[in-house]
Amino acid sequence: MSQETVALAFSGGLDTTVSVPLLKEEYGYDDVIGVTVDVGQPQAEFDEATETAEALDLEHYVVDATEEFADVCFDAVQANATYQGYPLGTALARPVIAQKILDVAEEHGATAVAHGATGKGNDQLRFEAVWRQSDLDVIAPIRELGLTREWEIEYAEEKGLPVDAGNDGEWSIDSNLWSRSVEGGDLEDPAHVPTEDIYDWTVAPTAETETVEITFEAGVPVAVDGDEMAPVSLIEYLNDLAGQYGVGRTDLMEDRMLGLKVRENYEHPAATTLLAAHEALEGLVLTKDERQFKNSVDQEWAEKAYEGLLSVPLVSALDGFIAETQTAVTGTVTVKFEGGQARPVARESDYSVYSESAASFDTAGVLGDITQDDATGVAKYHGFQGRLANAAKSETETTKPTHELTADGGADEE
Ligand code: ARG
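The structure presented is a predicted model; accordingly, all values stated were derived computationally and were not measured. (Residues numbered from 1 in each chain as written. Predicted model: local features only at pLDDT ≥ 70, side-chain atom pairs only at ≥ 80, totals over all residues. Heavy atoms only, no water.)

Moving on: helix H7 (residues 149-159). Those residues of H7 lying buried are Glu152, Ile153, Tyr155 and Ala156. Down the axis of H7, the sector holding all buried residues measures 165°, keeping them to one side. Facing away from the buried surface of H7 by more than 90 degrees, the exposed residues are Glu150, Glu154, Glu157 and Glu158. Remark: glycine 160 follows H7 within two positions and exhibits a positive phi of approximately 65°. (Buried < 20%, exposed > 50% of the residue type's maximum accessible area, 1.4 Å probe, protein only. Helix = DSSP H or I, 4+ residues; strand = E, 2+ residues; numbered from the N terminus. Arc of directions from axis to C-beta.)

Given below as structure tokens:
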């Protein structure tokens, strides 16, 4: 008799822990393998996953995807990507995680993949968009069995599963290199002001300030203060540094894919810094029409990123446009951490479209053979059509019979 194996996205939390016995009991699999993918979560999360896997006697793999993930984060920088103010950490990570789990599943001859996401969130959609491109069966036990947290806690107790029943922490937290998200608990009330203890990567801003120089090559951040860094290290470095100035906190009402609104709090010091610096550099090197058009391309890219659909053909096309624009995005931006903000305060590039001599008030301001006086003709024409239209309107208004002008439609008794 052949053994059927399922690979489970495993975190060691309540949902994925109860999924292990359920995949055997309810779905009839002989073997479950747990896969935890490293996208830059804190060490404690791997410890929890490993310990729980051991206690469950689960065959468990930890797969490193930090470098791939950092590259995706830098794609997001090139697209200036945020969704409703959120720099998309969780959303960007899910397809990377899903792909790694699929790889492990295929290596181990599994016939199915499973996740512990519920039927309310975005993650089920992001995971399955990747998995359903394969021939493997896709299983979502929590969603399919309609489980509630209460039921899971009771079941775990009955089975003696290694979970801290009901003590999974006050909030639901998801961390990776790019952002830390905090939701649930008292934060579910949008009128509740978050307490300082929801934050882990940022302190409350003080009067202290600091400036850093971020260097980009073709849109990719490559150095901080002149020190070249690999993507993962660069992100970690800026999370730590900008976090000390309270940079990168957001509190927002987020519209999930299924339509539900959720109150989310995020921390993302490096993302905020890099996105601000990148946009500032684009402001120097791209033409006005490139910037305007790219704005809509960027928005579309961010939308697809939120949906976990960066592998669709539309995004390849958007990527082509973005890559073309980024050839000029080489240079250095100085960012000031001040009052919880990462504010670009200086920028320089060999590709600068800005011409100091042309814009300056101090010089004659000559560009090639164009002189100031050449603008006179342009100024005469500027707004010409609007003037014509306004003149035509006031002409018809003065010639209209007065009774047609009254609001109640009646004749004007004067
Ligand atoms: N709402 C965000 C997203 O869908 C993050 C969700 C993170 N999950 C959590 N348990 N905090 O991308």
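Further notes follow.
Turning our eyes to something else, we now look at a negative patch on the surface. Residues Glu213, Glu217, Asp225, Asp227, Glu228, Glu348 and Asp350 make up a contiguous surface patch of negative charge. Looking at the negative patch, the elements that each hand over two or more residues are strand E8 (210-217) and strand E10 (227-228). If you trace the backbone, glutamate 217 turns up in strand E8. (Patch = residues over 30% accessible without salt bridge, like charges linked within 9 Å, V, L, I, M, F, W, Y side chains within 5 Å. Areas by Shrake-Rupley, 256 points an atom, 1.4 Å probe, with all protein chains shown as cover. Salt bridge = Lys/Arg side-chain N within 4 Å of Asp/Glu carboxyl O. Lys, Arg positive; Asp, Glu negative; His and termini not counted. Charge placed at Lys NZ, Arg CZ, Asp CG, Glu CD.)

What follows concerns the layout of surface pockets. Roughly 340 Å³ of internal volume is contained in the second largest pocket. Forming the walls of the second largest pocket are 17 residues, and the residues nearest its centre are Asn80, Glu279, Lys294, Asn295 and Asp298. Of all elements in the fold, only helix H9 (269-285) and helix H10 (288-306) reach the threshold of two or more residues within the lining of the second largest pocket. Top element by residues in the lining of the second largest pocket is H10. It accounts for 8 residues. Looking at the lining of the second largest pocket residue by residue, the classes come out as 5 nonpolar, 6 polar and 6 charged. (1 Å grid on protein atoms, 1.4 Å probe; cavity = no way out; pocket = protein on both sides within 12 Å on 5 of 7 lines; lining within 4 Å. Points joined across faces, edges and corners; volume = space filled by probe spheres on them. Nonpolar A, V, L, I, M, F, W, Y, C, P; charged D, E, K, R; others polar.)

Throughout the structure, instances matching the rule amount to 8 aromatic pairs. Centroid distance tyrosine 245 to phenylalanine 337: 5.7 Å. Interplanar angle 25°. Geometry classified as stacked. A residue pair is termed long-range when its members are at least 10 positions apart, and tyrosine 245 in the loop between helix H8 (231-243) and strand E11 (249-255) and phenylalanine 337 in strand E13 (residues 331-338) qualify at 92 residues. Looking at tyrosine 245, the relative accessible area reads 11%, which means it is buried. An aromatic cluster of at least three residues, connected via ring pairs, comprises Tyr83, Tyr86, Tyr266 and Tyr306. Here the basic side chain of arginine 126 rests over the ring of tyrosine 306, its NZ or CZ set 5.0 Å away from the ring centre. Between arginine 249 and the ring centre of tyrosine 199, over which it is positioned, the NZ or CZ distance is 3.5 Å. (Phe/Tyr/Trp six-rings, centres within 6.5 Å; stacked < 30°, edge-to-face > 60°. Lys NZ or Arg CZ within 6 Å of the ring centre and 35° of its normal.)

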